[in-house]
Amino acid sequence: ERFEPEQSSHDLVMGGDASLGGRQQAPHSALFDFICQPMKQLACWQLVAGCLWMAACAYVNCISQIYSDKFHNEYYHGRTPELIPDLGFYLLPRIEIPHLADYWNVFMVVGTMVPVVLFHPKRRKVILRFLAIQGSVFLLRSATIIATLLPQPDPLCVNVSSPDENVFIEAVKIVLGARITCGDLLFSGHTANLTLMALIWSEYGYGFLAVDATTRGYSALGGRNRGQIGGRHRGGPVLHFVFRRLLPLLWWAAAISGYFVIVATRFHYTVDVLVAIIIVTKQWGLYHMYIRTPRIMRRLGFLRWYEQKQDLASASAK
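Residues numbered from 1 in each chain as written. Predicted model: local features only at pLDDT ≥ 70, side-chain atom pairs only at ≥ 80, totals over all residues. Heavy atoms only, no water.

K.L.:
It is not clear to me how a nonpolar patch on the surface should be interpreted in this structure. Could you clarify?
P.N.:
On the surface, Y67, F71, I146 and L149 cluster together into a nonpolar patch covering about 290 Å² of accessible area. Structurally, L149 is set in the loop between α5 (123-147) and α6 (167-175). Judged by its relative accessible area of 33%, L149 falls in the partly exposed class. (Patch = residues over 30% accessible without salt bridge, like charges linked within 9 Å, V, L, I, M, F, W, Y side chains within 5 Å. Areas by Shrake-Rupley, 256 points an atom, 1.4 Å probe, with all protein chains shown as cover. Salt bridge = Lys/Arg side-chain N within 4 Å of Asp/Glu carboxyl O. Helix = DSSP H or I, 4+ residues; strand = E, 2+ residues; numbered from the N terminus. Buried < 20%, exposed > 50% of the residue type's maximum accessible area, 1.4 Å probe, protein only.)

If you want it as structure tokens, here you go:
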């Protein structure tokens, strides 16, 4: 007869605690995988190149912001600039809520980029193209804000530039959020962000329903073969309407409302908003025209490399 040792009450308690601990660790592990899996899919040398490009262009833009403030100080010599006539200022009532345009900008950016990073099957493609276009927008803005100086429309913005300041250090402060500038007007950066986010939803919003067996996070949209249309997208007509029509429409409505907020809070002139909309939409269309034209892609080796699928692990193996 085989002897089965009795389990003590201490062992039962410890065993119960261990199993309970295992059950408690499972949600943490699932949450960790939920966040880290998209990061693994994003990891590639193209992402490194895109981040470096956007960071370099953003820094150049910050340098231009510092110079625009310096030029403003030299021209006005402490005088209060006279507000130039603006149709938006005339038509829209003044909104005196501090930083409302900043809050609107954060809402639009976070509300777009977080879902893209966590849930979009083609997150790498969307993020890489965003980085490329955003960098070019920063570079163009760095030229417009110092080409023509406009008087500051917001009386609450204080120009703190000084003749002996280090431009490069002050530019780093802007990147870190430790300094704001008042003279960078002719091209609204906030408008550029709002427009880019709306364009992402218009171009790639429907892609949230794309069938991709390697992508996690889509179980809520039904099984693998449930509700597919043409074998490419999952979900029924309601989901298709939401992601293809409704969400892009809502994001454009939020972007347009943000344009009015920027003007109504005297954050920018109306022309600053219009210039940003035109440049961003043109840059967006130009980039997508390039990558969808084989003849152009054959000539642009770097862009062809930037658009190809290659993660860090496979690149290192080679």
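K.L.:
Any chance you could explain the nonpolar core here in plain terms?
P.N.:
The nonpolar side chains of soluble globular proteins are, as a tendency, buried together. Among the nonpolar cores identified, the biggest contains 53 residues, and I127, M197 and I200 are the most heavily contacted of them. Every element with two or more residues in this core is listed here: α4 (100-119), α5, α7 (189-204), α8 (237-264), α9 (270-291) and α11 (301-307). The residues contacting M197, other than those within four sequence positions of it, are M108, V109, T112, M113, F130 and W251. (Core = buried A, V, L, I, M, F, W, Y, C linked by side-chain atoms within 4.5 Å. Contact = heavy atoms within 4.5 Å.)

K.L.:
What exactly am I supposed to notice about the packing of aromatic side chains here?
P.N.:
We describe a pair of aromatic rings using the distance from one ring centre to the other and the angle between the two ring planes. Enumeration over the complete set of coordinates arrives at 9 aromatic pairs. Seen in terms of ring centroids, W201 and W251 are 5.1 Å apart; in terms of plane orientation they differ by 45°. Their pairing is tilted. Residue W201 is found in helix α7, and its partner W251 is found in helix α8; the two are separated by 50 residues along the sequence. Among the residues examined, W201 registers a relative accessible area of 6% and is labelled buried. Three or more aromatic residues joined by ring pairs make a cluster, and in this case those are F107, W201, F208, F243 and W251. (Phe/Tyr/Trp six-rings, centres within 6.5 Å; stacked < 30°, edge-to-face > 60°.)

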